Each structure stands twice: as C-alpha cells, then as structure tokens.
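Here are the chains, one letter per residue:
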Amino acid sequence: MAIAVTGTEDTSAGGRDTAMPHVVMVSFPGQGHLNPLLRLAKRVAAKGLLVTLCSTDDTARRIAAAASTSVGALAEPTRVGRGFIRFEFFSDGIAPDDPVRSDLDFLMASLRSAGPPALAALVRRQVVPVACIVNNPFVPWVLDVAADLGLPSGVLWVQSAAVFSIYYHCRHALAAFPSEDDPDAIVQLPGLPPLRPEDLPTFLLWTSPYQILKSVILEQFGNLSNASWVFANTFDELEHEAIEAISHRQVIIPVGPLVDPPPEEGGSKEIGGGEIKADLFKAADESIQWLARHPPRSVVYVSVGSVVVLTEEEMEEMAWGLKQTGRPFLWVVRSDARERLPAGFAEEVAAEGIGMLVEWSPQERVLEHEAVACFLTHCGWNSTTEALTAGVPVVAYPQWGDQVPDAKMLEEACGVGVRLPAPATRAELQRCVKAVTEGEMAETIRRRASEWKEAAAKAVSEGGSSDRHIQAFVDEVTKRAAPAAN
Ligand code: UDP
C-alpha cells in the first residue's frame, strides 16, 4: 500500500498538492540495524521529507506484535517535525513461521535473491516518487537496486568510524592483519592507535569461529563507492581523527549519535516521533515506574543487547554478583536466555524485591532515568552511543565483533567506565560496579560521562556537527527531487 503525503504548506496554493521529497530506507532485519536507521529516518523526516522505512515481512510482524498494532497501521504516515515516517515491507523469500531464517547463512542467501525484485517493485509502486534509497549493513544489494532504478543511494554505517576503517583496510588489503603465520601482528592504520589482535573486531581474527560474518561484513565494502553518501552513527567530537583519516579513502559523514530525542522534546515541531519504534521485542514499560521508586544513581542496569547469549556459568556469576553489590538492579534477560538463570534466582529477586528482571527494556528511557547509576553492557555500538548520550558510567563486558574495540573506546578513549574481565566472576563484577559508582575514580568517570553527554547533545542539536550533515543531505535530496515535485 502506498500513501500520498502532501506538503501542507502547498496544499492551499492553487489547490494543487505538492509531494514531499521521498526517501526509502532499507534495513537488515536486526534490532541493532533497525534502531539507528529509524532514528536517522526521524532526523531526516523532521527536516521536511517523507521517509518510508522498509524491512522484511517477518520484521513487520514482529514490530507490529511488539507495538500491539497491525502491520497495516504501520504503513500510515506519522508526522515527525516537518515531515512524515511510514513503514513498508517486502518478502525475504522465506515462509512465515519458518525458523530457518534464524540461520544467518540461509537468511542472507534468501534475502539476496528475493530482496532485489521485491524492493524494486516496492519502490516502483510508490505514489510519491522516490528520490533516494538509503540502506544499512548486510543488505549491500540495495545499492544495486537503486542504481538499476536510476536513483541515488546512501548507506548508514551502524558502527564506529574506527571499526569502519579497520574493515575497509582489511577488505582492500591496505594493511597487514594477524594471520596464522603472523598471529601477533600489530595493525597500524591512519587516525587510529596501533591495534593489537585483542583490540580488533573479533570476526577479523583467523581463529574466529564466525568466518561467515567476516565475509558478510567485508563484502559490503565491495560496492560502497556506488553510494552518493556514506553516513556513520558517530560524531566528529568523538572520532575526529578516525573520520578524517578514513575519509581520504572513503568519505564518511558523521550523523550521530543516532538516539531518540529526550521525551520532553517529543512533541517539539523540530523533531518529535519518539513514540515511533521498531522494537522486535515488547519492552517492559513498567521498568520505568520501577526505576522511579529508587533513589538517584542507585540502580545497576544490565543488558547484552539483542543477540548475545551468556553461558550458564556467566549468568550464574552475574546473578549472584549483582545481588551481592547490594544495589537494586534492572537486568534484561531475553526469553532465549531465561533458562540459563540459576535455579530459584528469579523467585528470590521477586520475593526480596532486590531487582527487576525483564525480557526487553525501553533502553533509551532507562538510561536517561536519574535512578540509573551504571550500565553493565556488552558494548554493541548502539548501546555504546546511547550510554555516552545519556552520560551513564559503564561496566564494559564485550563478547565479540566490534564490541571489543567499542569497550576499549569507552574505557580508554572516553574514560567513562571500566572493563569486566571475561569470563565474569561475581567478585570482579562487584569490584567493577563499585569502581564506577563509589569513590574518587567514580567521580572522575561521572564527570567524563557528563562531558560526553554534553558533546553528544551538541552534535545533534540544531546547527551541531551531525545536524549540519543531515541538513545538507536533506537539502541535496530536495534539490534533486525538485523537478518531480513540480
Ligand atoms: N535495546 C532495547 N532494550 C533492551 C536491550 C536493547 O531497547 O532491553 C536496544 C538498545 O537500546 C539498542 C539495541 O537494542 O538500540 C541493541 O543494539 P546494540 O548495537 O547495542 O547491540 P546488538 O543487539 O546489535 O548486539
């Protein structure tokens, strides 16, 4: 279904409707991909464009279920600032309810063959002509669809500029990386400190069990130069040197941190849209009421994102370690990890009222809550940027991929936390929580966290470094779409 959205200021002019410039954004079906693209969509829409956010039919079912709405309702345009956002979906080539889509290999192959014709048809049937297509990682074929349709395209990189640079240099064989022959090689890249093997995204290590992910990630750098814009969910103040250095090879445009505006701005005409979500899990909104019952800076918030599953041993140490901190805790234990909790723990938590276990939290609102003292995180890039934006001290517990360099950045470059050594023990967990919440070092960490919060807010505020880049994109799309609009 396609809906014509008209520019309100022009509807009265001679009784003729004028279509808004229309950007289609295409997301890989993963939470860590959907969130930043939706947030970019909001920033772009707020400046006066219509954005249709697209993903797979299966994603549609999950978003609708999590938001207690219908897939049809998602196609309705919602006003955001001076523009609109709506959703539309296409087939991934896999039957509904077929669990095979959880096999990444299979999903990628199916998306690659079913995705291009389905997306091309979706774009062609739009009532408001499409001016540009933007995609995020893992769906590089979208750039080819745009080229076939004669449309300009953009890519949103959803990790740090540093990690972009590392993968870029690896894909184009521009630097020596650790290998079986030279397992301890130190990687030297412009704009980045020397990188030891343990500083790299783990998928690049020759010992990584996830070689499929390595090829999926590196493949995206193959046709990237076809994109007119390569955006990144970072900001100049955070990664100035890395952004500048890689831009000698591939210009990346920082537009982050991509976070929702704080609730008090939700109704502002400039941004708004905070209520539009693409959650794949139903968030426990009651956790906000629970937080409100706790004193400022008292609660330990724990989440390992949408994919990581800790081992039973780690869950056990985490559980008793959290209890022994003596602090209230809000712990996201997804349904697929629930059975790994130690026996009786959930009951004990409920009976003693010492914490709250939820299957999914409204994380951004949680991090903004004054009751939160620190965030024990797996350091996915979204969680990393959300923690910086909220000014919350972190206990970093990275598992794999870019989480490893992200943790290093949080601890060493940003100075906003400490790293919990793996595998976690209850004693180390207590030590780390204490380090970021009590004493002189915690004071320093809190001060640094506040500084980053301020820098992040500045970057995305009107006229800030990232906001200017988004405005330039909107202006360019509007200019290119002008003939179609008249
Ligand atoms: N998230 C959430 N509720 C949760 C856990 C995570 O809303 O209980 C969101 C979080 O705010 C972030 C995304 O899910 O935007 C996870 O992305 P990230 O890059 O941090 O990790 P991934 O899930 O990709 O490993």
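Looking at an unreviewed UniProt entry, one finds the chain named Glycosyltransferase, with Zingiber officinale as its source organism. Recorded under Sequence similarities (unreviewed entry), the UniProt text for the chain is reproduced unchanged: "Belongs to the UDP-glycosyltransferase family."

Draft legend 1. Representation of helix H5 (residues 104-124). With 21 residues, H5 extends 29 Å between its outermost C-alpha atoms, agreeing within 8% with the 30 Å of an ideal straight helix rising 1.5 Å per residue. The sharpest bend along H5 reaches about 40° and sits at Gly115, with the proline Pro116 one to four residues further on. Taken together, the buried residues of H5 touch strand E1 (22-26), strand E2 (50-56), strand E4 (83-90), strand E5 (130-135), helix H6 (141-148) and helix H8 (211-219). The backbone nitrogen of Asp105 has a side-chain oxygen 3.0 Å away, supplied by the residue at the start of H5, namely Asp103.

Draft legend 2. View of the side chain of His369. Within the fold, His369 resides in the loop between helix H13 (363-368) and strand E12 (372-377). Here Ala371 takes part through its backbone nitrogen, which lies 3.0 Å from a polar atom of the side chain of His369. Setting aside anything within four residues of it in sequence, one finds His369 in contact with Ile288, Leu291 and Ala292.

Draft legend 3. Molecular detail of the packing of helix H7 (residues 161-171) against helix H9 (residues 236-246). At a minimum axis separation of 8 Å, H7 and H9 run at an interaxial angle of 30°. As for how H7 packs across H9, the hand of that crossing is left-handed. Touching Ala161, Ala162, Phe164, Ser165, Tyr168 and His169 of H7 are Glu239, Ala242, Ile243 and Ile246, all from H9. Its residues assigned to classes, the contact of H7 with H9 shows seven nonpolar, two polar and one charged.

Draft legend 4. Expanded view of the site of the ligand. The environment of the ligand is made up of 18 residues, and the closest members are Asn35, Ser306, Ser361, Ser383 and Glu386. One of the side-chain N or O atoms of Gln363 is found 3.3 Å from an oxygen atom in the ligand. Compared with its free state, where it exposes 540 Å², the ligand has 93% of that area covered by protein. Going through the elements one at a time, helix H2 (31-46), strand E9 (299-303) and helix H14 (381-390) are the ones with two or more residues in the shell around the ligand. Of the residues that constitute the shell around the ligand, the class distribution is four nonpolar, twelve polar and two charged.

Calculation notes
- Residues numbered from 1 in each chain as written.
- Predicted model: local features only at pLDDT ≥ 70, side-chain atom pairs only at ≥ 80, totals over all residues.
- Heavy atoms only, no water.
- UniProt positions renumbered as here; feature names shortened; annotations may be inferred.
- Helix = DSSP H or I, 4+ residues; strand = E, 2+ residues; numbered from the N terminus.
- Expected span 1.5 Å × (residues − 1).
- Bend = angle between axes of the 7 residues up to and from the residue.
- Contact = heavy atoms within 4.5 Å.
- Polar contact = N/O pair within 3.5 Å; in protein donor to acceptor, adjacent residues only side chain to side chain.
- Axes fitted to C-alpha atoms, helices over the stretch in contact; angles between N-to-C directions.
- Left-handed = near helix turned anticlockwise from the far one by under 90°.
- Nonpolar A, V, L, I, M, F, W, Y, C, P; charged D, E, K, R; others polar.
- Near = heavy atom within 4 Å.
- Areas by Shrake-Rupley, 256 points an atom, 1.4 Å probe, with all protein chains shown as cover.

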